[in-house]
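Examination of the molecular architecture
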Amino acid sequence: MFRFRVSYKLVTRYSVHWLYCNKLNSPKGFTCVSSRKLTTMVDSQYFLPNDIGVSALDCREAFRLLSPREQLYSHFLSRAAWYGGLAVLLQTSPESSGIYVLLQRLFRGQDPDQLGEVATAAGLSAEEYQAFLVYAAGLYANMGNYKSFGDTKFIPNLPQEKLKALVWRSKAFKESPADMEALWDSCSTRLYSLEERQKQLGLGNKGTTTYFSGNCGLKDAELAQRFLDSKKLSAYNTRLFKKEGGGKTCYEVRLASAVTTDCAVDGEGETCCGRFEFEGCVFTVQRGDYAHLMKKASDNLHKAQGHAANENQRRMLEEYERSFTLGSVDAHKEASRYWIKDKGPIVESYIGFIESYRDPFGSRGEFEGFVAVVNKAMSARFGSLVGSAEVLLPELPWPQAFEKDRFLKPDFTSLDVLTFAGSGIPAGINIPNYDDIRQSEGFKNVSLGNVLAVAYATQKDKLTFLEEEDKDVYIQWKGPSFEVQVGLHELLGHGSGKLFVQDENGKLNFEKEKVVNPETGEPISSWYQGSETWDSKFSTIASSYEECRAECVGLYLCLNKHVLSIFGHEGHDAEEVVYVNWLNMVRAGLLGLEFYTPESQSWRQAHMQARYVILRVLLEAGQGLVTLQECSGADGLPDARISIDRSKIHTVGKVAIEKFLCKLQVHKSTADVEGGRSLYEGYSAVSDSGTHNFTRLRETILLRKEARKMFVQANTKVKGDAVELVEYDGSAAGLIRSFVERFPDDAEEVEAELLALSKKDCSCWC
Ligand code: ZN
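The structure contained in this document is the topic of the report that follows. Residue positions are given per chain, counting from 1 as you read along its sequence in written order. The predicted origin of the model limits local features to residues at a pLDDT of at least 70 and limits the giving and counting of side-chain atom pairs to 80 or more, whereas totals for whole chains, interfaces and linings rest on all residues. Values shown for side chains rest on all heavy atoms present in the structure; no hydrogens or waters enter the calculation.

Here's the deal with the overall build of the chain
Along the backbone of the chain there are 29 helices and 19 strands. Its C-alpha atoms give the chain principal-axis dimensions of roughly 85 × 65 × 55 Å. We call two residues contacting when some pair of their heavy atoms lies within 4.5 Å. Residue pairs in contact within the chain that sit at least 24 positions apart in sequence constitute 75% of those at least 6 positions apart. Surface accessibility follows the Shrake-Rupley procedure with a 1.4 Å probe radius. Residue values consider only the protein chains on display as shielding. Accessible surface for the chain amounts to roughly 30800 Å². Of this, 50% is attributable to carbon and sulfur atoms. For the chain, the centre of its 90 positive side-chain charges and the centre of its 102 negative side-chain charges are spaced 2 Å apart. Numbering of helices and strands starts at the N terminus; helices are DSSP runs of H or I of at least 4 residues and strands are runs of E of at least 2. For this count, His and the chain ends are skipped, Lys and Arg are scored as positive, and Asp and Glu as negative. In this description, the location of a charge corresponds to atom NZ of lysine, CZ of arginine, CG of aspartate or CD of glutamate.

Listed below in structure tokens is the structure:
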């Protein structure tokens, strides 16, 4: 049950805003940020910090265990994703493509290390050069110069003259000075500009967007939407350009496609292209936006078809290919239908114009393409866990009558991302977004294991809220303990527990006379009737409550030696896994406060609310199990420390979770909404009274929130019959190297095409 594609992205997108509201409008008590400091913080919003977290997305084990056919399939899909992903440059800002080409030329000429020597000679300090590397890595990771989470612009944190001096001394410049100078002139002003309208993405005078030409506003967007609706055209793969002339307003709707001709080449008779009068304006619909990139993506999708695992997969790719060739959203929907039927594939992928968060009007999709693979080794461990369900389930703290008559393995796949092209990588996905398909044919939920594993693991110096002596052990055991927790959470957490139900014929699925409520000692007095379900009964709290139950099962069963040995942990190591899993849970509970909105007293993220609830339960257990203290950091600003007494986990901790988990299950089994709600909402409350001031702690959490991490992804290369995985360092330089080697055969051709495309758009901007 990872449903956080939408919530996660939206939450993060808005959190910058919240952070500021908090600082500026804090009702009282938040006086630590002086106005001078605040100014620096506001400014630094437009830089990426030099010490920003950069992690390599580790896919080695999963990739190695694929069959040669599966490796080839992943390779060609990855190629399609990377080519298509370059379209995001053109979807983000007028200057993104130019900056991308500038960087590619610099680093193709000289490796980051070699260019570093040039930088020193050009008078850049080590910090300034690092700032440039971070900027370049950021541009690649976001596929443009606006943050994919938050939509604000970022500029290099070094003076413009210094960057210019570096460019002028570079090998790329020495080899073709005129080209490089022209390139610099075309993008350097906007690269540094923090003009009001360029500070964030937005429509009209609210910001920058390239989904629309610069002269479009909300009215144009609304008019175009009415036009598209009248033609039954989806906006997903389009952009809109407005031209005034001849007394009439003309709009050009560009469809992303490899084919540039405006005729019905698909043999389906009717064409969507042409010239149309609409509400006194002229609309022309034409194909061929990002034509070159769409062609490259289509070609690779075609190659991948030869390595598909089955006919369904092959036809899915055929439809994607048709979609990018013709600019057809209908073909993409058809592909999505095959995609839903492609259940539990070894290599999972999705590609196209998918998420519409970044279109200020919210209807145009940003290109993304991913390839993720089943980690067969991890799946085998999860398989053993399921195999042991029969002996593990009776360990759970509820009477046998509250357990399912027969264990059903929940539908759960954890995949490792091999390739994620686009503006950013989410931790989980829930697609397709087409509502009609979701309702009639369903959707898929996928958890991206290697993304999740590094999302919260972090460098030692940025590991917030932990005691110094806990940091090393935390970093060492975070990954292994996370795997244990995820396996238990998904399989035995969501997979356990019974609901008491009375069907339409009045038949109960439990023995009313025999079953006793362990909380009250009384017989069972409530259950689900007829069409009532868990979600319909518990509605607003259902998903977080269920996540909490699953997390508690993870904490509880990770204490079991048999479970730990399934994951290969014995003796001392096993104890470290337990300790870090529990420590991580209480820290996550604290970090979870970020996702609480005091104004509406509501939680915006089910898992994080669940972890906060668990923190409260463990704090309540007392006896020194969990220690949470507010303090001030080395910088003089508010800080906090959390720790857990490892000697009390098996005693005080276990008893506390046992009792709480039993309560959660009993309310759930018996459809006791009132009891369940009062229990869960009680622990979810965030207030300034009680043993800890959680209102104030929340402000501290927001203050010390880590900047979003960047991920370095591997490349794949065909060598003979085999596919080679090429990996890079988890650093800004590593991220840059991965992009320099990403298009080994046609880098110059692709770059020339990008510049031509961006020049064509530029006439509508500059
Ligand atoms: Zn879950």
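Read on for the rest.
So, the sheet that holds strand β4 (residues 274-278)
Pairing between the strands of a sheet comes from backbone hydrogen bonds, and it takes one of two forms, parallel or antiparallel. Between any two strands, at least two bridges found by DSSP are needed for them to pair. Strand order in the open sheet made by the 4 strands is β2-β3-β5-β4, with mixed pairing throughout. Unpaired on one side and paired on the other, β2 (238-245) and β4 mark the two borders of the sheet. Strand after strand, the sheet turns through a mean of 25° between neighbouring axes, direction not considered. The sheet contact formed by strand β3 (residues 248-256) and strand β5 (residues 281-289) spans 6 bridges and is parallel. Paired with A256 across the two strands is D289, which belongs to β5. Angular values range over 0 to 180 degrees, each being the angle between N-to-C directions of two axes fitted as lines to C-alpha atoms, with helices fitted over their stretch in contact.

Here we look at helix α21 (residues 534-557)
In an α-helix there are 3.6 residues to a turn, and that puts residues three or four apart on one side. Helix length check: α21, at 24 residues, gives a terminal C-alpha distance of 24 Å against a target of 34 Å (1.5 Å per residue), a shortfall beyond 12%. Here the bend at a residue is taken as the angle between two axes, fitted respectively to the seven residues that end there and the seven that start there. Of all the bends in α21, the greatest, near 95°, is centred on T540. Accessibility here uses a 1.4 Å probe with only protein chains present; expressed as a share of the type maximum, an area under 20% marks a residue as buried, one over 50% as exposed, and anything in between as partly exposed. The buried fraction of α21 amounts to 18 of the 24 residues, a majority that puts the element mostly inside the structure. Working rule for helices: expected span equals 1.5 Å times residues minus one.

Details of the nonpolar core
Throughout this description, the term nonpolar core refers to a set of buried Ala, Val, Leu, Ile, Met, Phe, Trp, Tyr and Cys residues connected via side-chain atoms within 4.5 Å. Counting 214 residues, the largest nonpolar core has Y100, F107, F132, M294, Y320 and W582 as the members making the most contacts within it. Counting 20 residues, the second largest nonpolar core, distinct from the first, contains C216, F227, L233 and F278.

Considerations on the packing of aromatic side chains
Here a pair means two rings of Phe, Tyr or Trp (six-membered ring of Trp) with centres within 6.5 Å. Their orientation is stacked below 30 degrees between planes, edge-to-face above 60, and tilted elsewhere. All chains considered together, the criterion is met by 33 aromatic pairs. Judged by centre distance (5.8 Å) and plane angle (20°), the ring pair of F107 and F132 falls under stacked. One end of the pair, F107, is in helix α6 (residues 96-109); the other, F132, is in helix α8 (residues 126-142), with 25 residues separating them in the sequence. Note on accessibility: F107 and F132 belong to one class, buried. Relative to F567, the ring of F382 has its centre 6.2 Å away and its plane inclined at 65°; by these criteria the two rings are edge-to-face. A residue pair is termed long-range when its members are at least 10 positions apart, and F382 in helix α16 (residues 376-387) and F567 in the loop between α22 (561-566) and α23 (571-591) qualify at 185 residues. Of the residues examined, F382 reaches a relative accessible area of 7% and is grouped as buried. We classify F567 as buried; its relative accessible area is 6%. One aromatic cluster in this structure is built from F227, Y251, F276, F278 and F283. Above the face of the F241 ring, R254 is positioned so that its terminal group lies 3.7 Å from the ring centre. Geometrically, a charge over a ring is one whose NZ (Lys) or CZ (Arg) sits within 6 Å of the ring centre while staying within 35 degrees of the ring normal. Here the guanidinium or amino end of R742 rests over the ring plane of F739, the centre of that ring lying 4.6 Å away.

Shape is all these values report; function is a separate question.
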